[in-house]
Amino acid sequence: MYHSHTNVFDSHQHLLDMSSHRASSESELGRNRDDESGNEIMEAPPSGDDQDPNKRAKKKRYHRHTQLQIQEMEAFFKECPHPDDKQRKELSRELGLEPLQIKFWFQNKRTQVKAQHERHENNLLKAENEKLRAENSRYKEALSNAACPSCGGPTALGEMSFDEQHLRIENARLREEIDRMSGIAAKYAGKPASSYYSMSSQNHMASHSLDVGVGNYGAQSGMVGEMYGGSDPLRAFPVPTDAEKTIIVELAVVAMDELTRLALSGEPLWVPGPYGTEILNQDEYLRLFPRGIGLNSLCLRTEASRQSAVVIMNQINLVEILMDVNQWSNMFCGIVSRATTLEVLSTGVAGNLDGALQVMSAEFQVPSPFVPTRDTYFVRYSKKHAGESWAVVDFPFDHLRPSAILRSRRRPSGCIIQELPNGYSKVIWVEHVEVDDREVHNLYKILVNCCLAFGAKRWVASLDRRCERLASSMATNIPAGDLCVITCHEGRKSMLKLAERMISSFCTGVGASTAHAWTPLAAGVEDVRVMTRKSMDDPGRPPGIVLSAATSLWLPVPPKRVFDFLRAENTRNQWDILSNGGKVQEMAHIANGRDPGNCVSLLRVNSPNSTQSNMIILQESCTDATGSYVVYAPVDLVAMNVVLSGGNSDYVALLPSGFAILPDGPGLSNGGPILEVGSGGCLLTVAFQILVDSVPTAKLSVGSVNTVSSLIKCTVERIKNAVDTASKC
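Being a predicted model, the structure only gives us computed values, none of them experimental.

The rules behind each value
Residue numbers run consecutively from 1 along every chain, following the written order of its sequence. Only residues with pLDDT of at least 70 are given local features in this predicted model, and only at 80 or more are side-chain atom pairs given and counted; all residues enter the totals for whole chains, interfaces and linings. Excluding hydrogens and water, the side-chain values take into account all heavy atoms of the structure. Numbering goes from the N terminus for both helices and strands, where a helix is a DSSP run of H or I of at least four residues and a strand is a run of E of at least two. Summary of the burial criterion: residues with accessible area below 20% of their type's maximum are buried, those above 50% are exposed, and those between are partly exposed, where the area comes from a 1.4 Å probe applied to protein chains only. In this analysis, two residues are considered to be in contact whenever any of their non-hydrogen atoms come within 4.5 Å of each other. Per-residue and other accessible areas follow the Shrake-Rupley method at a 1.4 Å probe size, with only the shown protein chains counted as cover for residues. It is the directions from the helix axis to the C-beta atoms that the arc portrays. When a carboxyl oxygen of Asp or Glu lies within 4 Å of a side-chain nitrogen of Lys or Arg, that pair is called a salt bridge. Paired rings are identified among Phe, Tyr and Trp, the last through its six-membered ring, by centres lying within 6.5 Å, and are further divided according to the angle between planes into stacked (under 30 degrees), edge-to-face (over 60) and tilted (the rest). The nonpolar core is taken to be a set of buried Ala, Val, Leu, Ile, Met, Phe, Trp, Tyr and Cys residues, with the residues joined through side-chain atoms within 4.5 Å. Strands are treated as partners if at least two bridges between them are detected by DSSP. For this analysis, a polar contact is any N or O atom pair within 3.5 Å, provided that within protein one partner can donate a hydrogen and the other can accept it, and provided that sequence-adjacent residues contribute only side-chain to side-chain pairs.

(A) Layout of the overall build of the protein chain. Along the backbone of the protein chain there are 15 helices and 22 strands. Counting the 729 residues in the protein chain, one finds 49% classified as buried. The long-range fraction of contacts in the protein chain, counting pairs at least 24 apart against all pairs at least 6 apart in sequence, stands at 68%. Accessible surface computed for the protein chain: about 34,700 Å², of which carbon and sulfur atoms make up 52%.

Next up, the structure:
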C-alpha cells in the first residue's frame, strides 16, 4: 500500500533543496547588507537643483561618529527604532549632528539588525532542513518494511496472490486462537499469560472468583465478576520510541489533511445513510486516499460516518476539553468509559494547543453489558487553521508495531470547529474506525451496524447535550416562577456537580468495560449479569460490598415513550419496587437543556406506612437523538440540605441505579428497518446497585445475589406490563 509514497518523498526532497538554496542566498544577502552598514555614515548628497554636475565624480565623503554619539543613539534605538522628525531634531541638537545624519544612522542600524536576524533564521532553516532529510530517510525505510499486523504480509493486496492472502489470514486467526487458549491455560495453571494484545476479547468478560460465605442457603461457592480488579489494561499500551516520534510528527500532518478533506467534502465521498447519518463511500475514499495512514486489514469491518451541529460553546474551550483527557472523558462519559494520556509529545506553540500532540489510549462503550468495548490506541493532534477554525484529529500508529493485534483501529477521525457569534461553534465530526464486532449481542447488531452506537451522530448529540448542561450550570438569571426551581446559583452548581458524578458513575458501571467483569446468571427469561465491588476509603460511595446487576432487553415501544414513563414522578410507583407504592413528589428541579426531559430533580417518596421515614431520591434524566438516561440514587436529607445551600457535594455517598434507553431498528409489525429514530422499538438497559454488606471484608452470600437478580427481574416485568398497557390504550 505504501510503495506509491516514493514520488511524494522525492517531491518533498526537491522542496527541501529549494528551501536550502533560498536560505543560503538570503544569508549571503544579509552578510552583504551588514558589510555596508555600521557606524560610518555617508554624507547625504545635495538634491534637486543644488547638486553641481561637475562635482558628481568626486569621491563621496564619510563621517565617523564619536563613541559618545554612538552610545547615545544606541540607547535611543533600543527604546525607539523609528524616531520621527521632532525626535531626530532633538537628537541632532544634543549630539551636534545634522538631522539627516541621524536619519541615515537609524536606517543603517535597522538594516544591520535585520541582517543579523536573517542570518540567525537562515541557520535555523539549515538545521531544520537537515533534520527533515534524516526524518524522510527513516520514514522511507519504515514504509518499505511495513507489514499487515494480522497476517504478516505486505500491505498491498496486489503484491500476493488471492490464495496466499487467504492463507495468511487463516494463519493469523489460528495464531490468535493459540494465544487465547494459552492465556486461558496460563490463568488456571498459575503461569504468566502471553501478551495483552493477543488475548481474545472473550477475556474481557472473564470473571474473577469471589468467595461466597454462609448465608441463608448454607455454605456454597460461585463465580461473580469483580469490579476494578487487577491492573489497568489501558496502561499496557507501549509509549512510542524516539525513532517512532519523528514518524508520528509526519503522520500528524497527513492525518490532519485527510480529516479536513473528509469533513468539508460532499458527494460522492459521503452518501446518505439510515437515521439521518452520512456514510462514507469506501470506493471513493480509496480513490482519494490510495495510500492513507496505517494498514487496511481485511479482518476488520469499516465504520465511517459524519455529523455536524451548532453547540453553545466557543471553539477555544472545546479544543481545551478535547485535549485534556480528564475533561474529554467527563464530557463524553456515556461513550468514553476510560481514557489515559500515555505521553505528551508537544503542548503546541507557546502552550496554546496549536500543534499539540499526545499519545492516548481509550475505551469506548455502549451502555449495556451486551456490547463489548472498543480499546483504541492513537495519537491526538490539534491545529489552528486559517479563517479562525480549529481541527482535532486522532490517527493510528499501531502499524509501526506489527506484533500488536488490536480489535479496534481508529483511522483519521475527529472534528473541525468553526467559530460563530455569541459564543457558539459549528462542529463537523468525522468518525472512521475498523473493528471486529463479531461478539456484539444480536440485540445490538443493528444499532452498531448503522453507526448509531459508536458513530459521529452519537458523539455530536452527546456534545450538544453536555454543552447545554454546562451553560445551564453557569446561568445566573433564573426566574423564580416555580416553587420547585432552585434559584440559588451556588446551590444549583453544587447539585449539578453531584448529579454529574452520579451519571458518570452509572455510565462507567453499566457497560462492558474491562475495568470490571460481568458474570451471567440464569434469572428467568432475562439474561442478567452481576458483579461486585468493594468500596473502601471513598467518601463518594458508602463503605462495604456493593452488588451490581444489569440486563438489556428489547421493548416494542418508541424510546421517547419509555423515557417519559420512567422519568415521571407520577408513574414511578408503577415500576419502582423500593418505593413500595408510595406517592412521589418533586421537591427541587433544575432544567439543563432545551428539551424538558433534560433536568435534575430531587424527589421525596411519601411512604404509605407512617412508621417508615420518607425516602429522598436524586434523579437526572437526559435525552438526545441517539439515546436517553434516567439515573437516580437515594440520598441523605441532611447532606442534600448542605448541597442545596452551596456546600461541598464530594462527600455525599451515592449508589446510582437507572436506565439507558437506545433506539432500535426493527419495527413492531414487520421487523424491517425504520426510517426515523424512535418510530420503532427501543433497547432498554436496567441496572441496580445494592449495598449488601457494610463491611468491605465480608463475604458475599448467595441469598444477596438472588435478591438483587429477583429485584431486577420484577422491575423488568413491571415496566413491560406498564408500557404494554399504555400502548394498548
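Resuming the write-up.
(B) Representation of helix H3 (residues 85-95) in the model. Every buried residue of H3 is listed here: Arg88, Leu91, Ser92 and Leu95. Down the axis of H3, the buried side of the element spans an arc of 100 degrees, and every buried residue falls inside it. Exposed positions of H3 whose direction lies more than 90 degrees from the buried face are Lys86, Arg93 and Glu94. In the stretch just after H3, Gly96 is the one whose phi turns positive, near 70 degrees.

(C) Fine view of unusual backbone geometry. In this chain, Glu267 is followed by Pro268 through a cis amide linkage whose omega measures 5 degrees. Along the chain, the position of Pro268 falls in the loop between helix H6 (242-264) and strand S4 (270-272). The phi angle at Leu353 is positive, at roughly 75 degrees, despite the residue not being glycine. Within the secondary structure, Leu353 sits in the loop between strand S7 (336-347) and strand S8 (356-364). Of note in the backbone geometry, Asn422 takes a positive phi value of approximately 65 degrees without being a glycine. The residue Asn422 is located in the loop between strand S12 (413-419) and strand S13 (425-435) in this model. The exposure class of Asn422 is exposed, given its relative accessible area of 74%.

(D) Representation of the pattern of salt bridges in the model. Counted according to the given criterion, the structure contains 27 salt bridges. For Arg301, the salt bridge is made with Glu303, and the minimal N-O distance between the two is 2.4 Å. Among the ionic pairs, Glu620 bridges to Arg469, the shortest N-O distance being 2.9 Å. Here the residue Glu620 occupies a position in strand S19 (residues 615-624), and Arg469 occupies one in helix H11 (residues 456-473), the gap between them amounting to 151 residues. A single burial state applies to Glu620 and to Arg469, both of which are buried. Overlapping salt bridges, with partners in common, bring together Arg301, Glu303, Arg374 and Asp437 in one network.

(E) Expanded view of the packing of aromatic side chains. Per the counting criterion, the structure on display carries 13 aromatic pairs. Here Trp328 and Phe364 contribute two aromatic rings whose centre-to-centre distance is 6.1 Å and whose plane-to-plane angle is 85 degrees, an arrangement assigned as edge-to-face. In this pair, Trp328 sits in helix H9 (residues 325-331) while Phe364 sits in strand S8, placing the two residues 36 residues apart along the sequence. Here Trp328 and Phe364 have matching classes, each one buried. Each member of the aromatic cluster is reached from another via a ring pair, and the members are Trp328, Phe332, Phe364, Trp429 and Trp459.

(F) Region of interest: the nonpolar core. By size, the foremost hydrophobic cluster in this structure holds 45 residues, and its most contacted members are Trp328, Phe332, Trp429, Tyr444 and Leu463. Take this core: its biggest share by element is five residues, from H11. The residues contacting Tyr444, other than those within four sequence positions of it, are Val366, Ser368, Phe370, Val371, Ser552, Leu662, Leu683 and Thr685. Core analysis: the second largest hydrophobic core is formed by 33 residues, Leu553, Phe659, Leu711 and Val723 among them.

(G) Structural detail: the pairing of strand S6 (residues 301-311). Two elements, strand S5 (residues 278-280) and S6, share two bridges in a ladder whose sense is antiparallel. Residue pairing across strands places Glu278 opposite Arg306, the latter belonging to S6.

(H) Layout of the side chain of Asp437. By the element assignment, Asp437 lies in the loop between S13 and helix H10 (445-449). Exposure remark for Asp437: the relative accessible area of 13% places this residue in the buried category. Side chain to side chain, Asp437 and Arg301 meet in a polar contact 2.6 Å long. Among residues more than four places away in sequence, those in contact with Asp437 are Arg301, Glu303, Lys445, Val448 and Asn449.

Remember, this is a structural readout, not a statement about activity or role.
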